[in-house]
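Below are the chains, spelled out letter by letter.
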Amino acid sequence: MAHILVTGGAGFIGGHLCRRLLDIGHSVTAIDNFDPFYPRAIKEGGIRDLLTRSEFALIEADINDLEALSRDLHGAKIEAVVHLAAKAGVRPSIEDPVSYQKANIQGTLSVLELARRLEVKTFLFGSSSSVYGNNMKVPFSEGDPVEHPISPYAATKRAGELLAHTYHHLFGMTVHCLRFFTVYGPRQRPDLAIHKFARLLLDNQQIPMFGDGGSSRDYTFVSDIVDGVSRSLKRAMLAATPEYQILNLGGNGTTRLSDLIVMLGQGLGVTPVINRLPREPGDVDHTWADVSRAHSLLGYKPEIQMEDGIRMFCDWLVDYHE
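A brief structural summary.

Basis of the calculations
Residues numbered from 1 in each chain as written. Predicted model: local features only at pLDDT ≥ 70, side-chain atom pairs only at ≥ 80, totals over all residues. Heavy atoms only, no water. Salt bridge = Lys/Arg side-chain N within 4 Å of Asp/Glu carboxyl O. Helix = DSSP H or I, 4+ residues; strand = E, 2+ residues; numbered from the N terminus. Buried < 20%, exposed > 50% of the residue type's maximum accessible area, 1.4 Å probe, protein only. Contact = heavy atoms within 4.5 Å. Pairing = 2+ DSSP bridges. Right-handed = clockwise from strand over helix to strand, strands pointing away. Phe/Tyr/Trp six-rings, centres within 6.5 Å; stacked < 30°, edge-to-face > 60°.

**Overview of the pattern of salt bridges**
Where charged atoms of side chains with opposite charge meet at close range, the side chains can pair.
Item 1. According to the stated counting rule, one finds 20 salt bridges in the structure shown.
Item 2. Here R293 makes a salt bridge to E142, at a shortest N to O gap of 4.0 Å. With R293 in helix α10 (residues 292-298) and E142 in the loop between β5 (122-128) and α6 (152-171), this pair connects stretches of sequence that are 151 residues apart.
Item 3. Overall, the relative accessible area of 33% leaves R293 in the partly exposed class.
Item 4. What makes E142 buried here is its relative accessible area of 10%.
Item 5. The salt bridge involving R231 is made with D227; its shortest N-O contact spans 2.9 Å.

**Here we look at the environment of L298**
Item 1. As for its placement among the helices and strands, L298 is situated in helix α10.
Item 2. Note on L298: relative accessible area 8%, which makes it buried.
Item 3. Separated by 254 residues in the primary sequence, L298 and E44 have C-alpha atoms spaced 31 Å apart.
Item 4. Leave out the neighbours within four places in its chain, and L298 touches G228, R231, S232, R235, L247 and R293.

**Brief notes about the pairing of strand β3 (residues 56-60)**
Item 1. Sheet analysis places strand β2 (residues 27-32) next to β3, joined by five bridges and oriented parallel. Residue V28 lies in a different strand from β3, and its bridge partner there is F56.
Item 2. Note on the crossover from β2 through helix α2 (residues 40-47) to β3: the handedness is right-handed.

**Thoughts on the packing of aromatic side chains**
Item 1. Under the defined criterion, the tally for this structure stands at nine aromatic pairs.
Item 2. For the pair F140 and F181, a centre-to-centre distance of 6.4 Å together with 45° between the ring planes defines the contact as tilted. Note that F140 is positioned in the loop between β5 and α6 and F181 in the loop between β6 (174-180) and β7 (183-184), a separation of 41 residues in sequence.
Item 3. For F140, a relative accessible area of 0% translates into the label buried.
Item 4. F181 sits in the buried class, given a relative accessible area of 0%.
Item 5. Centroid distance Y184 to Y219: 6.3 Å. Interplanar angle 90°. Geometry classified as edge-to-face. Highlighted residues: Y184 in strand β7 and Y219 in the loop between β9 (216-217) and β10 (220-221), separated in sequence by 35 residues.

These values are about where atoms sit, not about what they do.
Written out as structure tokens, the structure reads:
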């Protein structure tokens, strides 16, 4: 099996992915800088069991420290890079766009250059459904125009896709850009809506609902995302000639914000009290993934229905709080 480098390997998706890669026989080196965007203890708890496995290594470093990473990984014989490290979140990117540029654009370029120096020929980039902006055509498909991002975060993710294409073209890398659609599940980041709302419900506090509740998202359970990434990695590593693909990984359905709040209340046995607020700038109205390309090329088929996923998340959250 292969030696895989995962950036952001202690994060929500990264931790789940590292575990899956180890379970199917790969060795994994994870890079994470434990950014204080949310508590370090959450990340440490998510990968604590991995640290005991001989085929797993963790490097605590900033992806922009290219020279240090080049020294640390010299001779490591890494066969593929899965680049998940990023500053996430639409609203925080509006407040601090410069740090998002540094982490997500400069950081992506740094990791691409690291891969080139290490002579890695397989590169997966964790992109985002936010690149579609307020596209009026739904579901979103990979051929849709993405020239009008409406947040700095979305713009950085589109820039990452373009940088990855440049390295594919210049250096013969096989590159897959994977557009994730609103990932949720156990060990989810606390700033994301599902986790944030659930904690407020457990604390008997009001739920802030921006807008009329009619916005909708294609929520994707983390195990389905990890399955898609694993399938993408397998295809990319077996590619006979270098290829560049953009692939949606979503749940292939939508849930209204108001319905999500009801589901969370049911899962936790709490009646939500809603605080209605004006819409926030940068938020898109709807997301919905057309996953037909991922199904055709990867055999990707999301399996976890929203009701089941919310129940599993709520069960985990209650145990976590206890």
